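Structure assessment
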Amino acid sequence: SVTGITITATVFPTGIENVQSAKLQAISTDGGLQVSGLVQGEMLSIYNTSGQLVYNGNATAPEQFVPLNVHGIYIVASGNQRIKAVY
């Protein structure tokens, strides 16, 4: 039998606050993509199937409209999430 054991825990702050784990989504709308699940201030990038960057900017809100000129398949990237979207 074991007796007299003391367990001490020390909490170290990570510097990461207000982590949002919303799932990145993109919905085709008239004139572009409505992207949701964004973290405000994080980079939002959209690429076409040729790998060309067609939109790049910081997310201004958790949901944002991105206008697109050409219908097709796109890769939407923000933070560590990547999704395919059809417009």
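In what follows, the accompanying structure is described. A quick note: this is a predicted structure, and the numbers were derived from the prediction, not measured.

1. A word on the pairing of strand β3 (residues 43-48)
Summarising the sheet, β3 and strand β4 (residues 53-58) pair through 5 bridges and their orientation is antiparallel. Note that in β4 the partner of Met43 across the bridge is Asn58. Here β3 hands over to β4 after 4 residues, with Gly51 in that stretch at a positive phi of 85 degrees. Pairing of β3 with strand β6 (residues 73-78), which is carried by 5 bridges, proceeds in the antiparallel orientation. Bridged to Ile46 within β6 is Val76.

2. Structural notes on the nonpolar core
The biggest cluster of nonpolar side chains holds 13 residues, and the ones touching the most others in it are Leu33, Val35 and Val76. If you list the elements that add at least two residues to this core, you get β2 (32-36), β3 and β6. Once residues lying within four places of it in the same chain are set aside, the contact partners of Val35 are Leu24, Gln25, Ala26, Leu44, Pro62, Glu63, Gln64, Val66 and Val76.

3. Regarding the sheet that holds strand β7 (residues 81-86)
The strands making up a sheet are joined through hydrogen bonds of the backbone, oriented either antiparallel or parallel. Taken in spatial order, the 4 strands make up an open sheet running β4-β3-β6-β7, and their pairing is antiparallel. Pairing within the sheet leaves two strands with one partner each, and these edge strands are β4 and β7. Averaged over all pairs of adjacent strands, the angle between their axes in this sheet comes to 15 degrees, without regard to strand direction.

4. Focus: the sheet that holds strand β5 (residues 63-67)
Spatial ordering of the open sheet is given by β1-β2-β5, a layout of 3 strands whose pairing is antiparallel. Every interior strand has two partners, whereas the edge strands, β1 (25-29) and β5, have only one. Neighbour-to-neighbour, the strand axes of this sheet turn through a mean angle of 25 degrees, independent of strand direction. The pairing of β1 with β2 spans 5 bridges and is classified as antiparallel. Its bridge partner being in β2, Gln25 is matched across the sheet by Ser36.

5. Concerning a nonpolar patch on the surface
Taken together, Tyr47, Leu53 and Ile75 make up a surface patch of nonpolar side chains, about 230 Å² in accessible area. Looking at the secondary structure, you find Leu53 in strand β4.

6. Quick word on the environment of Val66
The residue Val66 is located in strand β5 in this model. For Val66, a relative accessible area of 0% corresponds to the buried category. C-alpha separation for the pair Val66 and Val35, spaced 31 residues apart in sequence, amounts to 7.4 Å. Excluding its chain neighbours within four sequence positions, the residues that come into contact with Val66 are Gly31, Gly32, Leu33, Val35, Leu44, Ile46 and Tyr55.

Criteria and thresholds
- Think of each chain on its own: its residues are numbered from 1, step by step along the sequence as written.
- Where local features are concerned, this predicted model is filtered to residues with pLDDT of at least 70; where side-chain atom pairs are given and counted, the filter is 80 or more; whole-chain, interface and lining totals use all residues.
- Think of the side-chain values as coming from all heavy atoms in the structure, minus any hydrogens and water.
- Think of it this way: DSSP has to see at least two bridges between two strands before they count as a pair.
- Only DSSP runs of H or I covering at least 4 residues are called helices, and only runs of E covering at least 2 are called strands; the numbering of each starts at the N terminus.
- Side-chain atoms within 4.5 Å link the members of a nonpolar core, which is a set of buried Ala, Val, Leu, Ile, Met, Phe, Trp, Tyr and Cys residues.
- Relative accessibility under 20% of the residue-type maximum defines a buried residue, over 50% an exposed one, and the middle range a partly exposed one, all with a 1.4 Å probe and only protein chains included.
- Residue contacts are counted whenever heavy atoms from the two residues lie within 4.5 Å of one another.
- Axis definition: a line fit to C-alpha positions, over the contact stretch in the case of helices; interaxial angles, taken between N-to-C directions, run 0 to 180 degrees.
- Patch members must show over 30% relative accessible area and no salt bridge, and they are joined within 9 Å when carrying like charges or within 5 Å when they are nonpolar side chains of Val, Leu, Ile, Met, Phe, Trp or Tyr.
- Areas reported as accessible are Shrake-Rupley estimates using a 1.4 Å probe. Residue values count occlusion only from the protein chains shown.
- Should a side-chain nitrogen of Lys or Arg be within 4 Å of a carboxyl oxygen of Asp or Glu, the pair is scored as a salt bridge.

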